[in-house]
Amino acid sequence: GRTLYYKAVVSTQSTGSQIEGLVNGVPSLHVACKFTTNLLNQPSLQKQLFSVCLLSHLAVQYPIQQTLAACNEMLAWAQTGQCSIVWTVLSLESFIRIAKAFPP
């Protein structure tokens, strides 16, 4: 089902353009937001980076309360010190997308 679909996307090391295609075909925004949150808790830097990138594209495509809540959860996770400096630097482009989707 959906879980297998998302796992396949992660395992292929998706690029930005592939993520945009994925976001356009998201069958459930709720499942996708929960999926990104679950990926952040994985020990793999690659999965954590994919998570924030996917979430940023979801925020642009669906700038609604549910996506904002997921973005806030991701930022809270980052502020706890669970992320590395490498994750932070490599996530900057995603942070910019999120900021454009949800301006102050």
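A quick note: this is a predicted structure, and the numbers were derived from the prediction, not measured. (Residues numbered from 1 in each chain as written. Predicted model: local features only at pLDDT ≥ 70, side-chain atom pairs only at ≥ 80, totals over all residues. Heavy atoms only, no water.)

### What about the packing of helix α4 (residues 45-61) against helix α5 (residues 65-79)?
Logical step 1: One way to put it is that α4 packs onto α5 with a least axis distance of 10 Å and a crossing angle of 150°. Comparing their axes, α5 and α4 come out roughly antiparallel. Along this stretch, α4 crosses α5, giving a crossing that reads as left-handed. In this structure, α4 contributes Q48, V52, L55, L58 and A59 to the contact, and α5 contributes T67, A70, C71, M74 and W77.
Logical step 2: For the contact of α4 with α5, the class distribution of residues is eight nonpolar, two polar and no charged. (Axes fitted to C-alpha atoms, helices over the stretch in contact; angles between N-to-C directions. Helix = DSSP H or I, 4+ residues; strand = E, 2+ residues; numbered from the N terminus. Parallel < 35°, antiparallel > 145°, perpendicular 65-115°, else oblique. Left-handed = near helix turned anticlockwise from the far one by under 90°. Contact = heavy atoms within 4.5 Å. Nonpolar A, V, L, I, M, F, W, Y, C, P; charged D, E, K, R; others polar.)

### Focus: the nonpolar core
The tendency in soluble globular proteins is for nonpolar side chains to be buried as a group.
Logical step 1: In this structure, A59, C71, M74, W77, W87, I98 and F102 are the most contacted members of the largest nonpolar core, which totals 24 residues.
Logical step 2: Contributions of two or more residues to this core are made by α3 (29-40), α4, α5 and α7 (92-101).
Logical step 3: Excluding residues that lie within four positions of it along the chain, A59 makes contacts with T67, C71, I98, A101 and F102. (Core = buried A, V, L, I, M, F, W, Y, C linked by side-chain atoms within 4.5 Å. Buried < 20%, exposed > 50% of the residue type's maximum accessible area, 1.4 Å probe, protein only.)

### Describing α4
In an α-helix, one turn spans 3.6 residues, which is why side chains three or four residues apart end up on the same side.
Logical step 1: Across its 17 residues, α4 extends 24 Å between first and last C-alpha, which sits within 8% of the 24 Å expected from 1.5 Å per residue.
Logical step 2: The buried fraction of α4 is high, at twelve of 17 residues.
Logical step 3: For α4, every residue scored as buried is listed here: Q48, L49, F50, S51, V52, C53, L54, L55, S56, H57, L58 and A59. (Expected span 1.5 Å × (residues − 1).)

### Brief notes about the state of the cysteines
Logical step 1: All told, the structure shown has zero disulfides when counted by the stated rule.
Logical step 2: The structure places no disulfide on C33, whose sulfur is separated from the nearest cysteine sulfur, that of C71, by 7.5 Å. (Disulfide = S-S within 2.5 Å.)

### A look at the packing of α4 against α7
Logical step 1: Orientation of α4 relative to α7, taken along the N-to-C sense of each, is 20°, at an axis distance of 8 Å. With respect to each other, α4 and α7 are oriented roughly parallel. Classified by chirality, the crossing of α7 by α4 is left-handed. The segment α4 lies against α7, with V52, C53, S56, H57, A59 and V60 engaging S94, F95, R97, I98 and A101.
Logical step 2: Across the contact of α4 with α7, the residue classes break down as seven nonpolar, three polar and one charged.

### Focus: the side chain of S51
Logical step 1: By secondary structure assignment, the location of S51 is in helix α4.
Logical step 2: Residue classification places S51 among the buried residues on the basis of a relative accessible area of 1%.
Logical step 3: Residues contacting S51, with those up to four places away along its chain left out, are T36, T37, L39 and L40.

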